[in-house]
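Below, each chain spelled out in residue letters.
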Amino acid sequence: MTDGPLHLLLRQATAPAHVALEHELDWAPRVATLEGYRSLLARLYGFHRSWEPAIGAALSDGAFFDARRRVAALARDLAFLGLPPERIDGLPTAPAPALPGPAAAMGALYVLEGSTLGGKVIGRHVAATHGFAEDGLAYYTAHGPRTGAMWGAFRSRLDTYGGEAGTVVAAANGTFDAMRRWLAVAA
Ligand code: HEM
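Calculation rules
Residues numbered from 1 in each chain as written. Predicted model: local features only at pLDDT ≥ 70, side-chain atom pairs only at ≥ 80, totals over all residues. Heavy atoms only, no water. Donors = N, O, S within 2.8 Å, 3.2 Å for Na, K, Ca; no water. Helix = DSSP H or I, 4+ residues; strand = E, 2+ residues; numbered from the N terminus. Buried < 20%, exposed > 50% of the residue type's maximum accessible area, 1.4 Å probe, protein only. Phe/Tyr/Trp six-rings, centres within 6.5 Å; stacked < 30°, edge-to-face > 60°. Lys NZ or Arg CZ within 6 Å of the ring centre and 35° of its normal. Axes fitted to C-alpha atoms, helices over the stretch in contact; angles between N-to-C directions. Parallel < 35°, antiparallel > 145°, perpendicular 65-115°, else oblique. Left-handed = near helix turned anticlockwise from the far one by under 90°. Contact = heavy atoms within 4.5 Å. Nonpolar A, V, L, I, M, F, W, Y, C, P; charged D, E, K, R; others polar.

As annotated in an unreviewed UniProt entry, the protein chain carries the name Heme oxygenase and is attributed to Methylobacterium aerolatum.

See below:
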């Protein structure tokens, strides 16, 4: 599959935001201990819990979006790491974004779906460090062997939003920034 024009533009336009997030995330030292890993997942949970419903509502296409929701995977990982249900439920939640329509939702989803790509590196590292196979790794495993197919399908749909490129790019950069600020804090 070749890259479509909007995808190329988006990748270019958000590259500095990706670098900034990757840098500030400081993931390797954070996941070096089980406590640090759990605290990172707790922040991710708080982010996904408010962003996923907003994306779902703005996109209004469950057939496409529901398989891309990951908040349940985060809850499973947190439970495996010993956090009781009431503590999971009471975790701080990120402010819900304003996503005025499907183009903005696709920009936000670009960031969350793209994180399944770099997430493979993090997942492999966590597995090797803590000896996990599947339990505790549901979030970072994400789509597993279907990652490439899911990303391909996402990109195909993304490229149908070429007429609203400005909205998609602004939403993606806004999502990267919100995530960077939210994840910079330890749970
Ligand atoms: C929550 C944090 C992260 C988010 C939201 C994120 C987001 C993204 C996005 C949107 C893409 C797609 C770029 C494209 O259009 O091709 C991507 C790709 C990628 N990211 Fe990240 N990323 C995150 C963390 C990381 C980290 C920590 C690493 C390094 C371990 C990383 C490494 C990569 C790599 C290697 C790719 C390209 C994968 C490929 O083309 O197969 N990312 N990421």
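Student: Honestly, the coordination of the iron atom of the ligand in this entry has me stumped. Any pointers?
Tutor: Reference values for coordination geometry: four tetrahedral donors around a metal ideally subtend 109.5 degrees, six octahedral donors ideally subtend 90 or 180 degrees. Just one protein atom donates to the iron atom of the ligand; it is His18 (NE2), sitting 2.1 Å from the metal. Position of His18 relative to the elements: it lies in helix 1 (residues 5–25).

Student: What am I meant to see in the environment of Arg76 here?
Tutor: Position of Arg76 among the secondary structure elements: in helix 5 (residues 71–80). The class of Arg76 is exposed, set by a relative accessible area of 53%. Remark: the alpha-carbon pair of Arg76 and Pro5, spanning 71 residues in sequence, is separated by 37 Å.

Student: Before we go on, may I ask you to explain the packing of aromatic side chains in this structure?
Tutor: One pair of aromatic rings is described through two measures. These are the centre distance and the angle between the planes. Tallied over the entire structure, the rule returns 7 aromatic pairs. On the numbers, 6.4 Å between centres and 20° between planes, the contact of Phe64 with Phe154 is stacked. Here Phe64 is found in helix 4 (residues 62–65), whereas its partner Phe154 is found in helix 9 (residues 147–158), with 90 residues between them in sequence. Across this residue pair, the class does not change: Phe64 and Phe154 are buried. One residue, Arg157, lies across the ring of Phe64, its end atom 4.4 Å from the ring centre.

Student: I'm lost on the packing of helix 3 (residues 34–59) against helix 7 (residues 102–130) in this one. Help?
Tutor: It is the contact of helix 3 with helix 7, at a shortest axis distance of 11 Å, that shows an interaxial angle of 160°. What the angle tells us is that helix 3 and helix 7 run roughly antiparallel. The handedness of the crossing between helix 3 and helix 7 is left-handed. Contacts from Leu34, Tyr37, Phe47, His48, Trp51, Ile55, Ala58 and Leu59 in helix 3 reach Pro102, Ala105, Met106, Ala108, Leu109, Leu112, Val126 and His130 in helix 7. Of the residues in the contact of helix 3 with helix 7, the class split is 14 nonpolar, 2 polar and no charged.

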